[in-house]
Amino acid sequence: MIPDRDTKIGSSEPQKEKYGSFALFDIEHFLRRILKNWYWFVCMLLIGYVISWIYSKYYAQSIYASDLSLSISNNTSSYFTPNQSINFIWGQNGNQDGVYLKKMLLSRSHNEFLVKELDLFVGYSTKGLIKSTYIDKTDSPVFLQIDKSHLQQINYPITLIPKGENSYEVVLPEEGQSTSLYSYESEGFQSISGYARPANKIIKVNEWYTSPNLRFRLLKNTEAPKIKVDNVIINLNSVNQTVNGIVSTIGVDFDKEIGTIMIITKRGYNLNSTVNFLNKSVAELQKKRLADKNIVNKNTDVYLQENISGIRKKLDSSAAVLNYLKTSEKLYNIKDRDEKSLEEIKNLEARKADIVSKISSLNNIKNTLQSRDFDKMISTNAAGFEDGFFTASVTELKALYLKKREMATIYKPNSEPMREIDRLINEARTGSSGSLRNYYTKYYDEINKIDSKITEANTELNLYPEKERKYLDAERGYNMIEATYNSLLSRQNEAQLKVATNQSDITVIDPAKNLGQGPIGPNVKAIKSGIMFGLLLIPLLFILVGEALDNKIRNIKELLSATKIPLLGVIGNNTNENMLTVLEQPKSSVSEAFRGIRANMRFLMEDNKEGQGKIILVTSSIGGEGKTYVSINLASVIGLSDKKTILLGMDLRKPKIFGDFKIDNKYGISNYLTGEVDIDQIINKTKIPNLDVATSGPIPPNPSELLMSSRNIRFLEELKEKYDFIIIDSPPVGLVADSYELMKHSDANIYVVRHEYTEKYMLKMITEKYHNDEIDHLGLIYNDYNKKQGYGYGYGYGYGYGYGYFDEDKNYKEPLLIKIRNKVQTIFNKK
């Protein structure tokens, strides 16, 4: 029943060092504390639910999203819109044009245009009793139009309250007016002199409201709003602030199967606002893309028209010369004309005229490129070629020049970023110039070949008379100019046809629509769970911190595992008004526990000599752990067993015993040890015939010396001759060393540990002394254990509750968890 000492001969030192060491964290007690404080968790759960409900009902702003899908197709090259040929030339497999469009949609210039075009810097909302709700401009009964030439205060709520007959009261905040105002013309801030808060004012629709920090008027919404609002709250924002806010809410993705299909998403606090913005954004992008595609063709048309006008004059002049020769010289019918040679020369000279025209267009492209006037660039078709690499390099060069212009406002000319951008510009310029040189070489090679063939053909014409040869030269000149003229007309028609038939390369597949989409955020369920879980953590953290900082003994199993000291018994909570529990409540569970301890005491004293009294010393770590209570009731239960017993109050520093037995403490052990009185004068009778008590007496100035004196040893030896058991209520060993000296003369030593009172570290010394064989015959008593918790050992405490065995059973109420457990066991045990 009582575990043996764990120290054996040859026990290792590391094993001894573990004695008295407790676990840093008692998970079992932690879980018990959680169950004990279940009501705090329920309370926090309810509070969390109420808070989350109020948040979702009155404070959570729903976030909506709408999307638009479009298709991108580009069959014509342009310096302003990259085409698909770039992907092949540059070794790219992705949708380069789609990436370009994505950058356009997310660009500041595009969104800034929309902000200014749609007045998106004016935000609309309405407020109920608690919650404010964002609304679309179309949901407001009136629009606010600002005077952009007037300085305006931004982030300053303007409340409009309907007053009937197209009148609204303008209510401004009680405070917050600023002297730093925003200019929508310069898009910057300016300071003005201080001013008083503008008073509230009722204005009519189309009437201007003017104050030092605001100037605006209200315009009536021509369409009936779909919702009715009691007030309209308007906030002005800066252009930059609005653009940044919009860009951060736009998402662009590409279809996984078809890379030329783009899906654009817009998030916002109002669904109609996101729908209107997406449709307007794409519509403007379509216009810009069409304009970008047409600008080159229009430039080409203008360039060709100018050249055609010049060639037309030359053609008219050449025709006049040819007609003159025909009429005056009568040379229109030359005999023996070599028509085959003349036709060959005509074709060669027509080809040469076309190439010369292309070289002229090539010169125009080269000069435009050198002057960096990209907006006047003509199509490469006018020069007779289509080159994706050249188009891409010009597009890149234009973008690099724009980038350099932006960087010049930040970096110094010789800084590393500027040198890097110059290097990239040189590479792009070299690439474009190289392409042009290739075409120059090609065209001049063709002209040389044509000239060589014309020279060969002319050898036969040299045989003609001079007058006829003069006519043939005039005819050849006319044919060459006519061929150039026809070539320019053909390319002009091509350019004009492209302008007339060009369409935007962006086709909307599914426009953005309000289909009653639900909000995408916030995740109210997750927030509710987070709030409730966070509040549940509060009591859990308090319990966890309390458990981590708590160093008290709470677990019998852990106590025995750490100390390896025998356990004599477990004492429950004393419900009696005094310490005489065994005498006044003999049928209580506590009294039964002391009887169990009395029976277990023989295991500590079985090797002692028979025929003389046994000394049992009771001590503890500090005061308040119940050693005096254990001493009194242990002496009482031994005395009731017909054993002659005496209880000695040897805690001379803090006498207690006399009060419960109603004994005068005028004379006691301290008086006897100093020789003031005889032994018979300090021994007092009690209600129990076999129990005597010797109280401590007055507190002496030298209690340690008295207890360790030879007179005290003789006193104990004398008592052993008269009594069967001598119970010593000794001082706490955690405070003084008196008890260790008395243990040398005792037959059994009882160490009292109080539940949830004794500190763990206090057991370190007594445990070490026990396992180092400095103390023998030591046993533990676990005192003041809470009957509601249970401990699982059954050392004489808690066995009879609920079965009518003890006095406490008449007032016993079975815990709810025990009731549930018993009910479940009953169900499963049914046959």
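Reading the values: rules and limits
Residues numbered from 1 in each chain as written. Predicted model: local features only at pLDDT ≥ 70, side-chain atom pairs only at ≥ 80, totals over all residues. Heavy atoms only, no water. Helix = DSSP H or I, 4+ residues; strand = E, 2+ residues; numbered from the N terminus. Buried < 20%, exposed > 50% of the residue type's maximum accessible area, 1.4 Å probe, protein only. Areas by Shrake-Rupley, 256 points an atom, 1.4 Å probe, with all protein chains shown as cover. Pairing = 2+ DSSP bridges. Core = buried A, V, L, I, M, F, W, Y, C linked by side-chain atoms within 4.5 Å. Contact = heavy atoms within 4.5 Å. Expected span 1.5 Å × (residues − 1). Axes fitted to C-alpha atoms, helices over the stretch in contact; angles between N-to-C directions. Parallel < 35°, antiparallel > 145°, perpendicular 65-115°, else oblique. Salt bridge = Lys/Arg side-chain N within 4 Å of Asp/Glu carboxyl O. Phe/Tyr/Trp six-rings, centres within 6.5 Å; stacked < 30°, edge-to-face > 60°. Polar contact = N/O pair within 3.5 Å; in protein donor to acceptor, adjacent residues only side chain to side chain. pLDDT = per-residue confidence, 0-100. 1 Å grid on protein atoms, 1.4 Å probe; cavity = no way out; pocket = protein on both sides within 12 Å on 5 of 7 lines; lining within 4 Å. Points joined across faces, edges and corners; volume = space filled by probe spheres on them. Nonpolar A, V, L, I, M, F, W, Y, C, P; charged D, E, K, R; others polar.

(A) Expanded view of the overall build of the protein. Each helix and strand in the protein was counted, giving 25 helices and 23 strands. Taking all 831 residues of the protein together, 45% fall into the buried category. Carbon and sulfur atoms make up 53% of the accessible area of the protein, which totals about 43,800 Å².

(B) Fine view of the pairing of strand β1 (residues 64-72). Across 8 bridges, β1 lies against strand β14 (residues 261-268) in antiparallel orientation. Note that in β14 the partner of S71 across the bridge is I261. The pairing of β1 with strand β15 (residues 506-510) spans 4 bridges and is classified as antiparallel. Note that in β15 the partner of L70 across the bridge is V508.

(C) Seen up close, the nonpolar core. Grouped together as the largest cluster of nonpolar side chains are 49 residues, with contacts concentrated most on L144, I158, L160, F216 and I264. Broken down by element, the residue count for this core peaks at 5 residues, all from helix α8 (residues 271-328). If near-sequence neighbours (up to four positions away) are discounted, I264 is found in contact with S66, D67, L68, L70, L105, I250, G251, V252, L278 and V282. Core analysis: the second largest hydrophobic core is formed by 45 residues, A562, L673, L719 and Y740 among them.

(D) A look at helix α16 (residues 589-605). For α16, spanning 17 residues, the distance from its first C-alpha to its last is 25 Å, which sits close to the expected 24 Å at 1.5 Å a residue. All buried positions along α16 are accounted for by S589, V590, S591, A593, F594, I597, N600, M601, L604 and M605.

(E) Local environment of the sheet that holds β14. With antiparallel pairing, the 4 strands of this open sheet are ordered in space as β13-β14-β1-β15. Across the chains shown, the open sheet's two edge strands, defined by having one partner strand only, are β13 (250-254) and β15. Going across the sheet, the axis of each strand differs from the next one's by a mean of 30°, ignoring polarity.

(F) Local environment of the sheet that holds strand β17 (residues 614-620). If you trace the 8 strands from one edge of the open sheet to the other, you get β16-β23-β22-β17-β21-β18-β20-β19, paired in mixed fashion. Bordering the open sheet on either side are β16 (567-572) and β19 (683-685), each of which pairs with just one other strand. Pairs of neighbouring strands in the sheet enclose a mean axial angle of 25°, with direction left out of account. Across 4 bridges, β16 lies against strand β23 (residues 778-785) in parallel orientation. If you follow G569 over to β23, its bridge partner there is I781.

(G) Broad picture of the pairing of strand β6 (residues 167-171). Across the 5 residues that make up β6, a large majority, 4, are buried. With 5 bridges connecting them, strand β5 (residues 158-164) and β6 associate as antiparallel partners. Across the sheet, T159 pairs through a bridge with V171, a residue of β6. From the end of β5 to the start of β6, which pair antiparallel, there are 2 residues, and E165 there has a positive phi angle of about 55°. Strand direction decides the pairing type here: β6 and strand β9 (residues 201-204), joined by 4 bridges, are antiparallel. Across the sheet, the residue bridging to E169 is I202, located in β9.

(H) Fine view of the packing of α16 against helix α17 (residues 627-639). Contact geometry of α16 with α17 gives a least axis separation of 9 Å together with a crossing angle of 75°. In terms of axis orientation, α16 runs roughly perpendicular to α17. Across the interface between the two elements, V590, F594, R595, I597 and R598 of α16 pack against Y629, V630, N633, L634, V637 and I638 of α17.

(I) Layout of the pattern of salt bridges. Tallied over the entire structure, the rule returns 30 salt bridges. For K760, the salt bridge is made with E558, and the minimal N-O distance between the two is 3.8 Å. With K760 in the loop between β22 (748-754) and α24 (763-771) and E558 in helix α14 (residues 556-563), this pair connects stretches of sequence that are 202 residues apart. Comparing K760 with E558 shows no difference in burial state: the two are buried. What you see here is one network of salt bridges that share partners, running through R108, E112, K116 and E187.

(J) Representation of the packing of aromatic side chains. Taken as a whole and assessed by the stated rule, the structure comprises 11 aromatic pairs. Between Y134 and Y269, the aromatic rings sit 4.5 Å apart at their centres with planes inclined by 15°, giving stacked as the arrangement. Separated by 135 residues along the polypeptide, Y134 in strand β3 (residues 132-134) and Y269 in the loop between β14 and α8 bring together distant segments of the chain. Here Y134 falls in the partly exposed class, since its relative accessible area comes to 39%.

(K) The side chain of N555, seen in detail. Inspection of the secondary structure assignment puts N555 in the loop between α13 (524-549) and α14. Only 2.9 Å separates the side chain of N555 from the backbone nitrogen of E558, close enough to count as a polar contact. If we ignore the near neighbours within four places in the chain, the residues touching N555 are D26, E28 and Y782.

(L) The arrangement of the confidence of the model for the protein in detail. Looking at the protein as a whole, the pLDDT averages 82, with 85% of positions reaching at least 70. This model gives residues 7-11 a pLDDT under 50, and the stretch forms 5 contacts once residues within four places in sequence are excluded. Across residues 789-805, where pLDDT falls below 50, the model places 40 contacts with residues more than four positions away in sequence or in other chains.

(M) Layout of the environment of S746. Examined against the element boundaries, S746 turns out to sit in the loop between α23 (738-743) and β22. We classify S746 as buried; its relative accessible area is 10%. Sequence separation between S746 and I616 is 130 residues; the distance between their C-alpha atoms is 5.9 Å. Discounting residues that sit within four places of it in the chain, S746 has contacts with I615 and L617. A distance of 3.0 Å separates a polar atom in the side chain of S746 from the backbone oxygen of M743.

(N) Looking closely at empty space enclosed by the protein. Counted according to the given criterion, the structure contains 3 cavities of 30 Å³ or more. Here the second largest cavity defines a volume of roughly 50 Å³. At the level of secondary structure, the elements contributing two or more residues to the lining of the second largest cavity comprise α8 and α12 (466-501). Looking at which element gives the most residues to the lining of the second largest cavity, the answer is α12, with 4 residues. A per-class count over the lining of the second largest cavity returns 3 nonpolar, 4 polar and 3 charged.

(O) Main features of unusual backbone geometry. With an omega of -5°, the peptide bond between G521 and P522 qualifies as cis. Relative to the helices and strands, P522 is located in the loop between β15 and α13. The phi dihedral of N155 is positive, around 55°, even though this residue is not glycine. Looking at the element boundaries, N155 is found in the loop between β4 (142-146) and β5. Under the relative-accessibility criterion, N155 is labelled partly exposed at 44%. Of note in the backbone geometry, E187 takes a positive phi value of approximately 55° without being a glycine. Tracing the backbone through its elements, the reader meets E187 in the loop between β7 (180-183) and β8 (188-191).

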